[in-house]
Amino acid sequence: MHISRRDFITTTVVGPLALGAGAAAAANAAAAGAGSSATAGKRPIIVSSGNGYDYLDAAYEFLKDGGDTLDAAIRVVKGPEDDPNEDSVGLGGLPNEEGVVELDACCMHGPSRRAGSVGGVRNIRNVSLVAKAVIEHTGHVMLVGEGAERFAAAMGFARENLLTQRSRKTWLLWKEFHSSDDWWGPGLAHPDWRAPENIAASDAREQGIRRLAERAADLGIEPEYRMAAVRKVLFPPTGTIHCSALDEQGAMSGITTTSGLAYKLPGRLGDSPVIGAGCFTDQDVGSAGATGSGEENIKVAGAHTIVENMRHGMSPLDAGMDALKRIVRNYGGDKQRLRFMDMTYYILRKDGAYAGVSLWEGYEPGKPHRIAVHDGSQRSEPTIPLFAGASQEFPPFPKVPAERLKEIS
Ligand code: ASP
């Protein structure tokens, strides 16, 4: 077994926290260029979360050739939905605490001023298309759970098991890791069962990681993915894809799709299916979408707040920063709490100006959140953070000293 030091050093060592709220934003805004365009941009243009980058080119060509803006945005998000190795959306998304994948999506079509949303959908991979079907084939806006799945089946979407072997084994590893008080994991008769040891807390942490990696090997998780799986057990990941598209004439649409927070309670909906939180498009103003801590974004109706801010004259950058500051205000500016959440907004104004903003620089030092942009040239730019430094993953995991990590490696 090999535990790479690099794999854990970034997850176990507390990242530097800048305490001057807004300082990083001000500095970055002054240097704006990456992650934002303050004055009118180009049309057509597509912006998405960083994980949409690979799919922008084809969608841009489609948009440029006169394709509908919602269809263009769906072309971007459908790529990760179909990718079994992308574990934050669609097929292969990490499941809820019972091992069942539940997907959420919402979309808004600017030109027709219509919206569609589905939440907690099981067994159907392309919930972005199901959200669009809600617009086209119902008089409703939101469908959830079993009803949404039955609607999708009626629309001809194939039912399938969305749990890949990889996501199933990662969930099983998570289940066993949190199961010292129940019957999951190897029992007394299993050759791998070991009595709990009476050891110092710091050693217990290291041994916990070591055993987790060993158990990942026992479960047949491929060596190259093993440490990533261990990490996803210790720090349940979030992950989502948003895309907004604006055509040459100024029509625009937005969509957000996700498998939500890994190991969530069954039935939990995050911000992604909530129109006005995970996505909002107003044909007169602009479009915005979100990835990150869904519970926090719902409370500030992030995407709607941003579009309203732009309606009242704010730039995309300022509009996004204001929404982030509302999250900060909800916690009275308490960074002991704020450092365990993160939020990224992708913002597009009707004139083609755009911004990517985030509460923190990224999930890990040196790895910024990114906004992917295509306006004739395809690029990926770091978002502009409100606070300097990386957010910390939740739940908090105590630091393992670097020299001990070296020994484990
Ligand atoms: N916002 C998503 C949710 O809360 C997760 C994410 O974007 O990472 O479900």
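Read on for a plain summary of the structure. Since this is a predicted model, take the numbers as computed values, not measurements.

**With respect to the layout of surface pockets**
Of the voids in this model, the largest pocket is the one considered here, and its volume is about 1600 Å³. Residue lining of the largest pocket: 49 residues in total, with Pro237, Thr238, Gly239, Tyr363 and Glu393 positioned closest to the centre. Elements supplying a minimum of two residues to the lining of the largest pocket: helix H9 (223-234), strand E9 (286-292), helix H10 (294-300), strand E10 (343-349), strand E12 (362-364) and strand E13 (367-368). A per-class count over the lining of the largest pocket returns 18 nonpolar, 16 polar and 15 charged.

**Structural notes on the packing of aromatic side chains**
What characterises a pair of aromatic rings is the spacing of the ring centres plus the angle enclosed by the ring planes. In the structure shown here, the tally under the stated rule is 2 aromatic pairs. Between Trp174 and Tyr263, the ring centres sit 4.5 Å apart and the planes meet at 15°, which makes this aromatic pair stacked. Here the residue Trp174 occupies a position in helix H7 (residues 165-177), and Tyr263 occupies one in the loop between strand E7 (252-258) and strand E8 (279-282), the gap between them amounting to 89 residues. The class for Tyr263 is buried, based on a relative accessible area of 5%. Pairing Trp360 with Phe387 gives two aromatic rings, centres 4.9 Å apart and planes at 55°, and the pair type is tilted. Of this pair, Trp360 sits in the loop between strand E11 (354-358) and E12 while Phe387 sits in the loop between strand E16 (384-385) and helix H14 (402-408), placing them 27 residues apart in sequence. No difference in accessibility class separates Trp360 from Phe387, as the two residues are buried. Positioned above the aromatic ring of Tyr225, the side-chain terminus of Arg166 is 4.0 Å from the ring centre. The ring of Phe387 is capped by Lys335, whose NZ or CZ atom sits 4.0 Å from the centre of that ring.

**Section: the environment of Gly99**
Along the chain, the position of Gly99 falls in the loop between helix H4 (69-82) and strand E3 (103-109). Accessibility expressed as a relative area gives 12% for Gly99, which makes it buried. Residues Gly99 and Thr170, 71 residues apart in the sequence, show an inter-C-alpha distance of 9.7 Å.

**Here's the deal with empty space enclosed by the protein**
Per the stated rule, a full pass over the model turns up 4 cavities of 30 Å³ or more. Reported here for the second largest cavity is a volume of approximately 80 Å³. Looking at the second largest cavity, it is lined by 13 residues, and the ones nearest its centre are Gly260, Leu261, Arg268, Asp271 and Gly292.

**Thoughts on the environment of Gly267**
Residue position: Gly267 is located in the loop between E7 and E8. By relative accessible area, Gly267 is classed as exposed at 53%. When the C-alpha positions of Gly267 and Val121 are compared, they lie 9.3 Å apart, and in sequence the two are 146 residues distant.

**A word on the site of the ligand**
Every residue near the ligand is listed here: Thr238, Gly239, Thr240, Gly260, Leu261, Arg268, Gly270, Asp271, Ser272, Thr291, Gly292 and Gly294. Within the side chain of Thr240, a nitrogen or oxygen atom sits 2.5 Å from an oxygen atom of the ligand. A distance of 2.7 Å is found between a nitrogen atom of the ligand and a side-chain nitrogen or oxygen belonging to Asp271. Calculation on the ligand without its partners gives an accessible area of 270 Å², and the protein chains cover 99% of this total. With respect to the detected pockets, the ligand is housed in the second largest cavity. Tallied by class, residues from the shell around the ligand come to 1 nonpolar, 9 polar and 2 charged.

**Here's the deal with the sheet that holds strand E14 (residues 370-374)**
Strand order in the open sheet formed by 8 strands is E5-E4-E3-E7-E6-E2-E14-E15, with mixed pairing between adjacent strands. The strands lining the two open edges of the sheet, one partner per strand, are strand E5 (142-144) and strand E15 (378-382). On average, each strand axis in the sheet is tilted by 10° relative to the strand beside it, whichever way the strands run. Summarising the sheet, strand E2 (residues 45-49) and E14 pair through 4 bridges and their orientation is antiparallel. Within E14, the position partnered with Ser49 by the bridge is Ile371. Set on the sheet, helix H5 (residues 127-137) makes contact with E3, strand E4 (114-121), E5 and E7; between it and E4 the angle comes to about 135°.

Parameters and conventions
- Residues numbered from 1 in each chain as written.
- Predicted model: local features only at pLDDT ≥ 70, side-chain atom pairs only at ≥ 80, totals over all residues.
- Heavy atoms only, no water.
- 1 Å grid on protein atoms, 1.4 Å probe; cavity = no way out; pocket = protein on both sides within 12 Å on 5 of 7 lines; lining within 4 Å.
- Points joined across faces, edges and corners; volume = space filled by probe spheres on them.
- Helix = DSSP H or I, 4+ residues; strand = E, 2+ residues; numbered from the N terminus.
- Nonpolar A, V, L, I, M, F, W, Y, C, P; charged D, E, K, R; others polar.
- Phe/Tyr/Trp six-rings, centres within 6.5 Å; stacked < 30°, edge-to-face > 60°.
- Buried < 20%, exposed > 50% of the residue type's maximum accessible area, 1.4 Å probe, protein only.
- Lys NZ or Arg CZ within 6 Å of the ring centre and 35° of its normal.
- Near = heavy atom within 4 Å.
- Polar contact = N/O pair within 3.5 Å; in protein donor to acceptor, adjacent residues only side chain to side chain.
- Areas by Shrake-Rupley, 256 points an atom, 1.4 Å probe, with all protein chains shown as cover.
- Sits in = over half its atoms within 2 Å of the grid points.
- Pairing = 2+ DSSP bridges.
- Axes fitted to C-alpha atoms, helices over the stretch in contact; angles between N-to-C directions.
- Contact = heavy atoms within 4.5 Å.

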